[in-house]
Amino acid sequence: MKKFLITIILFGFLACIVYGYVWYRNIMRINREAIISLPKAQGFDALKNAVTLEQNRCQEFVTKSGGNFDEFTYCKKFVEWSKTLTY
């Protein structure tokens, strides 16, 4: 009975070690993915800010209705396009 109990305890301990190893490997994989994704997310934030600034400029330009026709057309289309974005 003692040998059986010791065997069960050892298998349980071994299972805990294997589970811990698998968990650690999974956490390290997620960490690597996060490190790779972070610069992409920061680049997206910069792009989002640039679009927002241009959208504000164009909305102001369209509201004033000043300037040349080409820029007015560009701004009107840009504002319409930027409203379709979802962030």
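Here, the structure is the one placed above.
Another point: the packing of aromatic side chains. By the definition in use, this model includes two aromatic pairs. Geometrically, the ring pair formed by Phe78 and Trp81 is tilted, given 5.5 Å between the ring centres and 50° between the ring planes. Of this pair, Phe78 and Trp81 both sit in helix 2 (residues 69-84), separated by three residues, roughly a single helical turn. For Phe78, a relative accessible area of 13% gives the class buried. Each residue in the set Tyr74, Phe78 and Trp81 is aromatic and connected to the rest through ring pairs, giving one cluster.

Another aspect to go through is the side chain of Gln55. Locating Gln55 in the fold gives a position in helix 1 (residues 2-64). Overall, Gln55 belongs to the buried group, its relative accessible area being 14%. In this structure Gln55 touches Phe78, Val79, Ser82 and Lys83, once residues within four positions along its chain are discounted.

Turning next to the pattern of salt bridges. Should their charged atoms come close, side chains of opposite charge can pair. Within this structure, the stated rule accounts for three salt bridges. Residue Arg57 is joined to Glu54 by a salt bridge in which the shortest nitrogen-to-oxygen separation is 3.0 Å. Separated by three residues within a single helix, Arg57 and Glu54 lie in helix 1, roughly one turn from each other. Classification of Arg57 by relative accessible area gives partly exposed; the value is 35%. Ionic pairing is found between Glu71 and Arg57, a salt bridge with its closest N-O pair at 2.9 Å. Highlighted residues: Glu71 in helix 2 and Arg57 in helix 1, separated in sequence by 14 residues. When its relative accessible area of 29% is taken as the criterion, Glu71 is described as partly exposed. Salt bridges sharing partners connect three or more residues here, namely Glu54, Arg57 and Glu71.

What counts, and where the lines are drawn
All residue numbers refer to positions counted from 1 along the written sequence of the respective chain. Thresholds applied to this predicted model are a pLDDT of at least 70 for local features of residues and 80 or more for the giving and counting of side-chain atom pairs; totals over whole chains, interfaces and linings are not thresholded and use all residues. Side-chain metrics in this entry use all non-hydrogen atoms of the structure; hydrogen atoms and water are not considered. Stacked, tilted and edge-to-face pairs are distinguished by plane angle, under 30 degrees for stacked and over 60 for edge-to-face with tilted covering the rest, among Phe, Tyr and Trp rings (Trp via its six-membered ring) whose centres lie within 6.5 Å. Runs of E in the DSSP output that reach at least two residues are strands. Runs of H or I that reach at least four are helices, and both are numbered from the N terminus. Per-residue accessibility, obtained with a 1.4 Å probe over protein chains only, is compared with the maximum for each type, and a residue is labelled buried under 20%, exposed over 50%, and partly exposed between these values. Every residue pair with non-hydrogen atoms within 4.5 Å of one another is taken to be in contact. Here, a salt bridge means any Lys or Arg side-chain nitrogen found within 4 Å of an Asp or Glu carboxyl oxygen.

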